[in-house]
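A structural walkthrough
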Amino acid sequence: MGVGQVLLVLLAASTVTPVKDPLLNICMDAKHHKTKPGPEGMLHNQCAPWKDNACCTANTSSEAHKDQSNLYNFNWNHCGLMPPKCKRHFIQDTCLYECSPNLGPWIDQVDSSWRRERILHVPLCKEDCEEWWEDCKDFVTCKENWHKGWNWATGTNRCPWGSMCRPFSHVFPRPKDLCEKIWSNSYKYTTEHRGSGRCIQMWFDPAQGNPNVVVAKYYAWKKRSSPAWMENVTPAADKAVCALPWPVLVLLPLALVVVPDGAGGCGSHGWGSL
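All of the points below concern the structure found in this document. (Residues numbered from 1 in each chain as written. Predicted model: local features only at pLDDT ≥ 70, side-chain atom pairs only at ≥ 80, totals over all residues. Heavy atoms only, no water.)

Section: the pattern of salt bridges
Heads up, the condition is: Only one rule defines a salt bridge in this text: a Lys or Arg side-chain nitrogen within 4 Å of an Asp or Glu carboxyl oxygen. Under the DSSP-based scheme used, a helix requires at least four consecutive residues in state H or I and a strand at least two consecutive residues in state E, with every element numbered from the N terminus. Only protein chains enter the area calculation, which uses a 1.4 Å probe; residues under 20% of their type maximum are buried, those over 50% are exposed, and those in between are partly exposed.
Tallying each qualifying case throughout the model produces 14 salt bridges. Ionic pairing is found between Arg116 and Asp29, a salt bridge with its closest N-O pair at 4.0 Å. In this pair, Arg116 is assigned in the loop between strand E1 (107-109) and strand E2 (117-119) and Asp29 in the loop between helix H1 (3-15) and helix H2 (58-63), connecting sequence segments 87 residues apart. In this structure Asp29 comes out as partly exposed when scored by relative accessible area, which is 36%.

Okay, structure coming up:
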């Protein structure tokens, strides 16, 4: 192998550097989230499955289990005591939201006084949504959308004036209604099953690994393949390709000297014949 060929091999190797996917293994910019995911020595009870790589702290995970926590001053018992079998789903929902680093493909910008990002249309597994509805259908609530419209006069959420407490099964006639409407379309009802690799699981056994890692990778790939995504990222990607690392800057002049004519450079169409 000639000197020129060696330099070209080294040059190519220098350009192959791992690039962090902006949609994977990230925490949203919200009220209680860490800036980046990482291990936690211990997470409380239902949040424990995320302890190896979490966007929440131990304190956040503990507050998530309280009837009225300091996280958002939200009272689950606004229409009477919420049964434990129902409340566990709301705790798990909170753990997923606060702790999961696998929601990147569904993070959306939001103009809010208490957070800059939210999740939107997260595809929830069929079993997670239907079990949530089944365990809560006999509980009562006065609102369909729990994100907004409460009476906060006392510092915690109370039913708006004139509203009536009704069974969940009346407010949310179907599992789809519950999962999609209760948090302003944060979740999307799907017919995909747990373990399919196509839906996010609120419930999983950490001994078997986190199944949401694969799901996030699949939807990140789909999002990157969409025309809208390509249109938005192409200019930045072009700049990244031509912003060469320092080994390339050192090797490039030598390669240009010893390699015969015919090798292209980095311009508007990338690497040419290289």
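Describing the layout of surface pockets
Worth spelling out the cut-off: Cavities and pockets are defined on a 1 Å grid built over the protein atoms alone: a cavity is a set of grid points where a 1.4 Å probe fits but cannot escape, while a pocket is an open set with protein on both sides within 12 Å along at least five of seven lines, and lining residues are those with an atom within 4 Å of any such point. Grid points are joined across faces, edges and corners, and a volume is the space filled by probe spheres set on the points. Any residue outside Ala, Val, Leu, Ile, Met, Phe, Trp, Tyr, Cys, Pro, Asp, Glu, Lys and Arg is labelled polar, Gly included; the first ten of those are nonpolar and the last four are charged.
Considered as a void within the structure, the second largest pocket measures approximately 290 Å³ in volume. Lining the second largest pocket are Pro105, Trp106, Ile107, Asp108, Leu120, His121, Pro123, Lys188, Tyr219, Lys222 and Lys223. Only E1 and helix H7 (212-225) provide two or more residues apiece to the lining of the second largest pocket. Here the lining of the second largest pocket gets three residues from one element, more than from any other, and that element is H7. Residue composition of the lining of the second largest pocket, grouped by class: six nonpolar, one polar and four charged.

Quick look at the state of the cysteines
Test applied: Cysteine sulfur atoms that come within 2.5 Å of each other are treated as a disulfide pair.
In this structure the tally under the stated criterion is eight disulfides. One disulfide in the model links Cys47 with Cys95; its S-S distance is 1.9 Å. Its S-S torsion of approximately -80 degrees makes the covalent link between Cys47 and Cys95 left-handed. With Cys47 in the loop between H1 and H2 and Cys95 in helix H3 (residues 84-99), this residue pair connects regions lying 48 residues apart in the sequence. For Cys47, a relative accessible area of 1% gives the class buried. Disulfide pairing places Cys56 opposite Cys99 at an S-S distance of 2.1 Å.

Brief notes about the side chain of His89
As a reminder of what qualifies: By definition in these notes, contact holds between two residues if any of their heavy atoms fall within 4.5 Å.
Structurally, His89 is set in helix H3. If sequence neighbours within four positions are ignored, His89 has contacts with Glu131, Trp132, Asp135, Met202 and Trp203.

Topic: the nonpolar core
The following threshold applies: What makes a nonpolar core is a set of buried Ala, Val, Leu, Ile, Met, Phe, Trp, Tyr and Cys residues whose side-chain atoms join them at distances within 4.5 Å.
Counting residues in each nonpolar core, the largest one holds 50 residues, and the members touching the most others are Phe90, Trp132, Trp146, Trp183 and Tyr187. With seven residues, H3 is the largest single contributor of residues to this core. For Phe90, the residues in contact, after removing those within four places along its chain, are Trp76, Met82, Trp132, Cys136, Trp146, Phe168, Ile182 and Trp183.

Remarks on H7
Our working rule: To estimate the expected span of a helix, subtract one from its residue number and multiply by 1.5 Å. Note that the arc is defined by the directions from the helix axis to the C-beta atoms.
Here H7 is 14 residues long and its end C-alpha atoms lie 20 Å apart, about the 20 Å a rise of 1.5 Å per residue gives. Within H7, the full set of buried residues consists of Asn212, Val215, Ala216, Tyr219 and Ala220. Angular distribution of buried residues about the axis of H7 spans 130 degrees; they occupy a single face of the element. Next to the buried residues of H7 lie H3 and strand E3 (122-124).

Thoughts on the environment of Gly149
Assignment of secondary structure puts Gly149 in the loop between strand E4 (140-141) and strand E5 (166-167). Relative accessible area serves as the criterion here: at 53%, Gly149 is assigned to the exposed category. C-alpha of Gly149 to C-alpha of Pro160: the two residues are eleven residues apart in sequence and 7.1 Å apart in space. Beyond its immediate chain neighbours, meaning those up to four positions away, Gly149 contacts Lys143 and Pro160.

Looking at the packing of aromatic side chains
Remark: the centre distance and the inter-plane angle together describe each pair of aromatic rings, the angle taken between the planes. As a reminder, the rule being used: For Phe, Tyr and Trp, where Trp contributes only its six-membered ring, two rings pair if their centres lie within 6.5 Å, and the inter-plane angle classes them as stacked under 30 degrees, edge-to-face over 60, or tilted in between. Remark: a charge is flagged as sitting over a ring if the NZ atom of Lys or the CZ atom of Arg is within 6 Å of the ring centre and within 35 degrees of the ring normal.
Counted by the stated rule, this structure contains 19 aromatic pairs. The interplanar angle of 85 degrees and the centroid separation of 5.6 Å between the aromatic rings of Phe74 and Trp150 together place this pair among those described as edge-to-face. One end of the pair, Phe74, is in the loop between H2 and H3; the other, Trp150, is in the loop between E4 and E5, and 76 residues separate them in sequence. Phe74 gets classed as buried once you look at its relative accessible area, which sits at 12%. Look at Trp150 and you get buried, because its relative accessible area is 9%. An aromatic cluster is defined as three or more aromatic residues linked by ring pairs; in this entry it consists of Phe74, Trp76, Phe90, Trp132, Phe139, Trp146, Trp150, Phe168, Phe172, Trp183 and Tyr187. Stacked on the ring of Trp150, the Lys or Arg Lys143 has its end atom at 5.5 Å from the ring centre. Taking the ring centre of Tyr218 as reference, the NZ or CZ of Arg198 above it sits at 3.6 Å.

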